[in-house]
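A structural walkthrough
In case you want the letters, here they are:
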Amino acid sequence: MREQTVDVAVIGAGTAGLNARRAAEKAGAHAVAIDAGPLGTTCARVGCMPSKLLIAAAEAAHAVREARQFGVHAGEPRVVASEVMGRVRRERDRFVGFLLDEAQGLAERGLLIHGRARFEGPNVLAVGDDLRVTARRAVVVAVGSAPRHPPILARLESPRVIDSDKVFELDAFPERVLVIGAGAIGVELGQALARLGARVTLACADNKVAGIRDPSVLAAAKSALAREMTLHTRTKLEAAENRPDGVWVRFSGDDGEVFEGTWPLILAATGRAPRLAALELERAGVKLDDKGKPRDFDSATLQCGELPLFIAGDAAGHRPLLHEAIDDGQIAGRNAAAAPEVRPGERRVPLSIVFTDPQIAAVGRRFDSLDLSTCAIGQVDFADQGRARVMAKNHGVLRVYGSRATGALLGAELAAPAGEHLAHLLAWAIQSGLTVEQVLRLPFYHPVVEEGLRTALLDLRSQMSVGTGP
Ligand SMILES: Cc1cc2nc3c(=O)[nH]c(=O)nc-3n(C[C@H](O)[C@H](O)[C@H](O)COP(=O)(O)OP(=O)(O)OC[C@H]3O[C@@H](n4cnc5c(N)ncnc54)[C@H](O)[C@@H]3O)c2cc1C
Ligand SMILES: NC(=O)c1ccc[n+]([C@@H]2O[C@H](COP(=O)([O-])OP(=O)(O)OC[C@H]3O[C@@H](n4cnc5c(N)ncnc54)[C@H](O)[C@@H]3O)[C@@H](O)[C@H]2O)c1
């Protein structure tokens, strides 16, 4: 067994791991990342980037179809799946290439070890069969997450059941596809496949779409998505089996409704789980709950109890988004280098954006955390919003939340045209501590989608007991 001693060992060279290693090094530690591969990060290989590339192709097809309402007749677009997927993979590979170059540079400097790591003790790792790495200061666990399939599908082992790890390898789009799950992955990929010509049925166990909790925004999101796919919510997968013509599945709803059918392709978008199981965290002294999650994890410092062990990115399971993986990595890396002197990391206002049309987003405080006796809600419906109508993108609702007493802007949920931009404006205003009144004093051009945001803010201000400006 070869032995290596470092200050900080980071398990995983994804986004969180690379950032953790860099932050630990910046804090003066000899920090090494260990990765079993494939390298290139989930975001670039099978996550954010290929999904947005597929959505971009889908938007192009949709724009051609929609052109007729402007009097521009292009006919039904001819979608050539091999060309669509060729561009998705070419561009994806370009993004991945930059990360592989970074990994190669680290490996050449002895700062990236190839191999699968597991714990032998709180700061001792076995890497593969022939290397033991001891971390003098701490270990950062940044192993990411993996798709989680319901047991009924997991047992089936059919090539006709795929998940987001496989979808970008398709070379043909099936005529019909069943998407199970209406989280970010299900709705983004479901709508994209529908726009690229598949007849999509989307089914999910709960009543949420893209994680939206505000009932008005949820209703708007559902009705916008239902224009392009058949949507079944509150319906649970009960049975599945392989048949000659595809995979047969049966769902049963909370209301007793049963639907079943056979699909040539099923996309399982049923959530992702942290890849912690194979790490043998118990050997590091980590106490796990019945779901295999560390009991004493501190989401502010990212430390597990008093152990010299930090968890960052999707592996921590609390904010499974790219910008949060970057922040987590920096917090965990810095704390690992300074352990046992740890401090809470600075966090940004929560922001999530789902790239459907309309885009679905949540910023700051969520609807279900509001005390409606002290908070007010302002709303705009984009059906009649000027710029949205001009572009024929007039679908969706935006709701902003504020404190009646202080006039502070607290949060928002939205399904809206240009939602990615509106969500950023709101996040920046909230993080800057602006009141509704102060935001309304900022410029709003005409005619822009942001005027819809102003309508919602005016509605919010009218219900507040402070700040009645111009
Ligand atoms: C389809 C899809 C679309 C997405 N779209 C978006 C989006 O638009 N915006 C957004 O913000 N987020 C998006 N996300 C989420 C985002 O991709 C993740 O939050 C982020 O990539 C997580 O980074 P990470 O560093 O935690 O994990 P990863 O990048 O997965 O890194 C984990 C690394 O650990 C390694 N590893 C695992 N186990 C071991 C072990 N035992 N030993 C050694 N190495 C190991 C792996 O090889 C991997 O390299 C999307 C995700 C998916 C799946
Ligand atoms: N734009 C983005 O930021 C973006 C895009 C894609 C993915 N992501 C990240 O990836 C993570 C995982 O996404 P996801 O959509 O897979 O997970 P999710 O947990 O958000 O959604 C899972 C869905 O699967 C359904 N489901 C689970 N088990 C089921 C069953 N047995 N029968 C029927 N339905 C079932 C749930 O009802 C839910 O709709 C997200 O939390 C997000 O952080 C982000």
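Residues numbered from 1 in each chain as written. Chains lettered and ligands numbered in written order. Predicted model: local features only at pLDDT ≥ 70, side-chain atom pairs only at ≥ 80, totals over all residues. Heavy atoms only, no water.

With that out of the way, let us pick up the overall build of the protein chain. Across its full length, the protein chain carries 13 helices and 22 strands. Radius of gyration (C-alpha) of the protein chain: 24 Å, near the 23 Å computed for a compact globule of 470 residues. Across its three principal axes, the protein chain shows a C-alpha extent of roughly 70 × 65 × 45 Å. When burial is assessed residue by residue, the protein chain has 51% of its 470 residues classed as buried. Separation between the mean location of the 57 positive side-chain charges and that of the 57 negative ones in the protein chain comes to 1 Å. (Helix = DSSP H or I, 4+ residues; strand = E, 2+ residues; numbered from the N terminus. Rg over C-alpha atoms; globule rule 2.2 N^0.38 Å. Buried < 20%, exposed > 50% of the residue type's maximum accessible area, 1.4 Å probe, protein only. Lys, Arg positive; Asp, Glu negative; His and termini not counted. Charge placed at Lys NZ, Arg CZ, Asp CG, Glu CD.)

At a closest axis distance of 8 Å, the pairing of helix α3 (residues 48-66) and helix α7 (residues 184-195) adopts a crossing angle of 40 degrees. In terms of their interaxial angle, α3 and α7 are classed as oblique. Once α3 is placed against α7, the crossing between them reads as left-handed. From α3, Ser 51, Lys 52, Leu 54, Ile 55, Ala 58, Glu 59, Ala 61, His 62 and Arg 65 reach across to α7, where they touch Glu 188, Leu 189, Ala 192 and Arg 195. (Axes fitted to C-alpha atoms, helices over the stretch in contact; angles between N-to-C directions. Parallel < 35°, antiparallel > 145°, perpendicular 65-115°, else oblique. Left-handed = near helix turned anticlockwise from the far one by under 90°. Contact = heavy atoms within 4.5 Å.)

Our next topic: the layout of surface pockets. Put simply, the second largest pocket is a space of about 650 Å³. Along the walls of the second largest pocket sit 30 residues, with His 62, Glu 66, Arg 195, Asp 357 and Lys 393 positioned nearest its centre. Every element with two or more residues in the lining of the second largest pocket is listed here: α3, α7 and α11 (419-431). Among the elements that make up the lining of the second largest pocket, the one with the highest residue count is α3 (5 residues). (1 Å grid on protein atoms, 1.4 Å probe; cavity = no way out; pocket = protein on both sides within 12 Å on 5 of 7 lines; lining within 4 Å. Points joined across faces, edges and corners; volume = space filled by probe spheres on them.)

So, on to the site of ligand 1. Near ligand 1 there are 36 residues, and of these Ala 16, Asp 35, Thr 42, Lys 52 and Asp 314 occur at the shortest range. Within the backbone of Ala 36, an N or O atom sits 3.1 Å from a nitrogen atom of ligand 1. Within the contact set of ligand 1, an oxygen atom lies 2.7 Å away from a side-chain nitrogen or oxygen of Lys 52. When ligand 1 sits alone it has 1,000 Å² of accessible area, and the protein chains cover 92% of it. Among the secondary structure elements, those contributing two or more residues to the shell around ligand 1 are α1 (15-26), β2 (31-35), α2 (42-46), α3 and α9 (322-338). For the shell around ligand 1, the class distribution of residues is 18 nonpolar, 12 polar and 6 charged. (Near = heavy atom within 4 Å. Polar contact = N/O pair within 3.5 Å; in protein donor to acceptor, adjacent residues only side chain to side chain. Areas by Shrake-Rupley, 256 points an atom, 1.4 Å probe, with all protein chains shown as cover. Nonpolar A, V, L, I, M, F, W, Y, C, P; charged D, E, K, R; others polar.)

This next bit is on the sheet that holds strand β13 (residues 246-253). Pairing between the strands of a sheet comes from backbone hydrogen bonds, and it takes one of two forms, parallel or antiparallel. Spatial strand order, β12-β13-β14: 3 strands in an open sheet with antiparallel pairing. Of all the strands in the sheet, the pair left with one neighbour each is β12 (235-243) and β14 (258-263). Strand after strand, the sheet turns through a mean of 15 degrees between neighbouring axes, direction not considered. Here 6 bridges tie β13 to β14, and the two strands are oriented antiparallel to one another. The partner of Phe 251 across the bridge, within β14, is Phe 259. (Pairing = 2+ DSSP bridges.)

Here we take up the packing of α1 against helix α4 (residues 81-108). Between α1 and α4, whose axes approach to 12 Å, the crossing angle comes to 40 degrees. Considered as vectors, α1 and α4 are oriented oblique to each other. The chirality of how α1 crosses α4 is left-handed. Residues Leu 18, Arg 21 and Arg 22 of α1 lie in contact with α4, whose contacting residues are Leu 99, Glu 102 and Leu 106.

Using the residue numbers shown here, the UniProt feature "domain: Pyridine nucleotide-disulphide oxidoreductase dimerisation" (unreviewed entry) corresponds to residues 352-456. For residues 352-456, the helix share is 29%, the strand share is 30%, and the end-to-end C-alpha distance is 20 Å. (UniProt positions renumbered as here; feature names shortened; annotations may be inferred.)

Attention shifts here to the site of ligand 2. Around ligand 2, the surrounding shell holds 23 residues, and the nearest of these are Ala 182, Glu 188, Ala 205, Pro 320 and Ile 353. With respect to ligand 2, the backbone of Ala 205 contributes an N or O atom lying 3.1 Å from a nitrogen atom. Here an oxygen atom of ligand 2 and a backbone polar atom of Gly 271 are 3.1 Å apart. Of all elements in the fold, only α7, β12 and β18 (351-354) reach the threshold of two or more residues within the shell around ligand 2.

Turning our eyes to something else, we now look at the domain arrangement of the protein chain. If you check the domain split of the protein chain, you get domain 1 (2-146 + 273-338), domain 2 (151-270) and domain 3 (351-466). With centres defined by C-alpha atoms, the gap from domain 2 to domain 3 works out at 30 Å. On the domain 3 side, the residues contacting the 19 residues of domain 2 number 20 residues. Counting the surface lost from both domain 2 and domain 3, the interface buries some 1,500 Å², and carbon and sulfur atoms represent 62% of this. Linking domain 2 to domain 3 there are 3 salt bridges. Here Asp 368 and Arg 213 are joined by a salt bridge, their closest N and O atoms 3.3 Å apart. Counting across the domain 2 and domain 3 interface gives 10 residue pairs in polar contact (both at pLDDT 80 or more). Element by element, the count of residues in the side of domain 2 that touches domain 3 is highest for helix α8 (residues 215-225), at 7 residues. Its residues assigned to classes, the side of domain 2 that touches domain 3 shows 11 nonpolar, 3 polar and 5 charged. (Domains from an automatic or database assignment. Buried area = accessible area lost by both parts, 1.4 Å probe. Salt bridge = Lys/Arg side-chain N within 4 Å of Asp/Glu carboxyl O.)

What follows is about α11. Every α-helix carries 3.6 residues per turn, so stepping three or four residues along brings you back to the same face. The end-to-end C-alpha distance of α11 is 18 Å, a good match for the 18 Å that 13 residues give at a rise of 1.5 Å each. Among the residues making up α11, those that are buried are Gly 419, Leu 422, Ala 423, Leu 426, Ala 427, Ala 429 and Ile 430. Each buried residue of α11 lies within a common arc of 165 degrees when the element is viewed along its axis, so the set occupies one face. Packing partners of the buried residues in α11 comprise β18, β19 (359-364), β21 (397-403), β22 (409-416), α12 (436-440) and α13 (450-461). (Expected span 1.5 Å × (residues − 1). Arc of directions from axis to C-beta.)

What follows concerns the packing of aromatic side chains. Taken as a whole and judged by the stated rule, the model has 2 aromatic pairs. With a centroid separation of 6.3 Å and 55 degrees between ring planes, the pair formed by Phe 367 and Tyr 401 is classed as tilted. Of this pair, Phe 367 sits in the loop between β19 and β20 (375-381) while Tyr 401 sits in strand β21, placing them 34 residues apart in sequence. No difference in accessibility class separates Phe 367 from Tyr 401, as the two residues are buried. Between Arg 94 and the ring centre of Phe 95, over which it is positioned, the NZ or CZ distance is 5.9 Å. (Phe/Tyr/Trp six-rings, centres within 6.5 Å; stacked < 30°, edge-to-face > 60°. Lys NZ or Arg CZ within 6 Å of the ring centre and 35° of its normal.)

A few words on the confidence of the model for the protein chain. With 99% of its residues at a pLDDT of at least 70, the protein chain reaches an overall mean of 96. On the interface metric, ipTM, the complex scores 0.98, and its pTM is 0.97. (pLDDT = per-residue confidence, 0-100.)

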